[in-house]
Amino acid sequence: MSEHENPEQSPPPPPPPASPGFQIPYTPAAAPPQPTYSPSSQAPYPPAGVYQPTPYGPPGGFQPSYQQAPANPFDSRATTILVLAILGLLLCPLLGPVAWYMGNALRNEANAAGYPEPGVGKAGRIIGIVGTVYIGLILAFIAFIVVAAVATSGY
């Protein structure tokens, strides 16, 4: 025997039987070293990294809940409102007031049903307001140009 072999350790288990195709080589996992903790030490708690299980569950008696919040049934309509508002801001300004109106209706229906207003719907409603103001500015500019043209034409 060489000096690196330990006769008290059993040999690692044999690798799984080979099958056709790609095989991942088998290597036995080494157990992580266990920290030592003596309850007779002066520290009131074990050092960091040492977990002392209690018979009552997690420390502090708190049992976490992994339940998901119920889905908001108004989320799908909120996405439609956001898409309309963005299209109204970029391509067709007439969609801005439509998104604003639909966003207000969605907010009122969600509040009446006891759900919060979806954030995406709120963003679409606000962008619809901005698009509506944009239409107002365009119309005011066109009216100014028409009035200026009529005033300078001599009629």
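Read on for a plain summary of the structure. From a predicted model like this one, the values you see are computed outputs, not experimental measurements.

**Some words on the overall build of the chain**
And step 1. Helix and strand content of the chain: 3 helices and 0 strands.
And step 2. Reading the chain from its N terminus to its C terminus gives the helix and strand order α-α-α.
And step 3. A buried classification covers 13% of the 155 residues belonging to the chain.
And step 4. Considering only contacts within the chain whose residues lie at least 6 apart along the sequence, 57% involve residues at least 24 apart.
And step 5. Taken as a whole, the chain presents about 12600 Å² of accessible surface, with 67% of it coming from carbon and sulfur.

**Focus on a nonpolar patch on the surface**
And step 1. On the surface, Y134, I138, L139, F141, I142, F144, I145, V146 and V150 cluster together to form a nonpolar patch covering roughly 860 Å² of accessible area.
And step 2. By the element assignment, F144 lies in helix α3 (residues 119-153).

**Points about the nonpolar core**
And step 1. Counting 8 residues, the largest nonpolar core consists of F74, A78, I81, L84, A85, A99, L106 and A110.
And step 2. For this core, the elements supplying multiple residues, two or more each, are α1 (75-90) and α2 (95-113).
And step 3. Top element by residues in this core is α1. It accounts for 4 residues.

**Quick notes on the packing of α1 against α2**
And step 1. Taken N-terminus to C-terminus, the directions of α1 and α2 make an angle of 160°; their axes are 8 Å apart at the nearest point. If you check the angle between α1 and α2, you find them roughly antiparallel. Considering the relative orientation of α1 and α2, their crossing is left-handed. For the pair formed by α1 and α2, the contact residues are R77, A78, I81, L84, A85, L87 and G88 on the first element and L95, G96, V98, A99, M102, G103, L106 and E109 on the second.
And step 2. Residues of the contact of α1 with α2, tallied by class, amount to 10 nonpolar, 3 polar and 2 charged.

**Description of the side chain of R125**
And step 1. Mapped onto the elements, R125 comes out in helix α3.
And step 2. Residues contacting R125, with those up to four places away along its chain left out, are I81, A99, W100, G103, N104, R107 and E117.

**Observations regarding α2**
In an α-helix there are 3.6 residues to a turn, and that puts residues three or four apart on one side.
And step 1. Here α2 contains 19 residues, and its C-alpha end-to-end distance of 27 Å stays within 8% of the 27 Å for a straight helix at 1.5 Å per residue.
And step 2. Listed as buried for α2 are G96, A99, G103, L106 and A110. For α2, the angular spread of the buried residues around the axis is 85°, confining them to a single face. Seen from the open side of α2, the exposed residues pointing more than 90 degrees away from its buried face are Y101 and A112.
And step 3. Along its buried surface, α2 packs onto α1 and α3.
And step 4. Just downstream of α2, G114 is the residue with a positive phi angle, here 90°.

**Considerations on the pattern of salt bridges**
And step 1. Evaluation of the coordinates by the stated rule reveals 2 salt bridges.
And step 2. Between E117 and R125 there is a salt bridge whose closest N-O contact spans 3.2 Å.
And step 3. Relative accessible area serves as the criterion here: at 10%, R125 is assigned to the buried category.

Reading guide: rules and limits
Residues numbered from 1 in each chain as written. Predicted model: local features only at pLDDT ≥ 70, side-chain atom pairs only at ≥ 80, totals over all residues. Heavy atoms only, no water. Helix = DSSP H or I, 4+ residues; strand = E, 2+ residues; numbered from the N terminus. Buried < 20%, exposed > 50% of the residue type's maximum accessible area, 1.4 Å probe, protein only. Contact = heavy atoms within 4.5 Å. Areas by Shrake-Rupley, 256 points an atom, 1.4 Å probe, with all protein chains shown as cover. Patch = residues over 30% accessible without salt bridge, like charges linked within 9 Å, V, L, I, M, F, W, Y side chains within 5 Å. Salt bridge = Lys/Arg side-chain N within 4 Å of Asp/Glu carboxyl O. Core = buried A, V, L, I, M, F, W, Y, C linked by side-chain atoms within 4.5 Å. Axes fitted to C-alpha atoms, helices over the stretch in contact; angles between N-to-C directions. Parallel < 35°, antiparallel > 145°, perpendicular 65-115°, else oblique. Left-handed = near helix turned anticlockwise from the far one by under 90°. Nonpolar A, V, L, I, M, F, W, Y, C, P; charged D, E, K, R; others polar. Expected span 1.5 Å × (residues − 1). Arc of directions from axis to C-beta.

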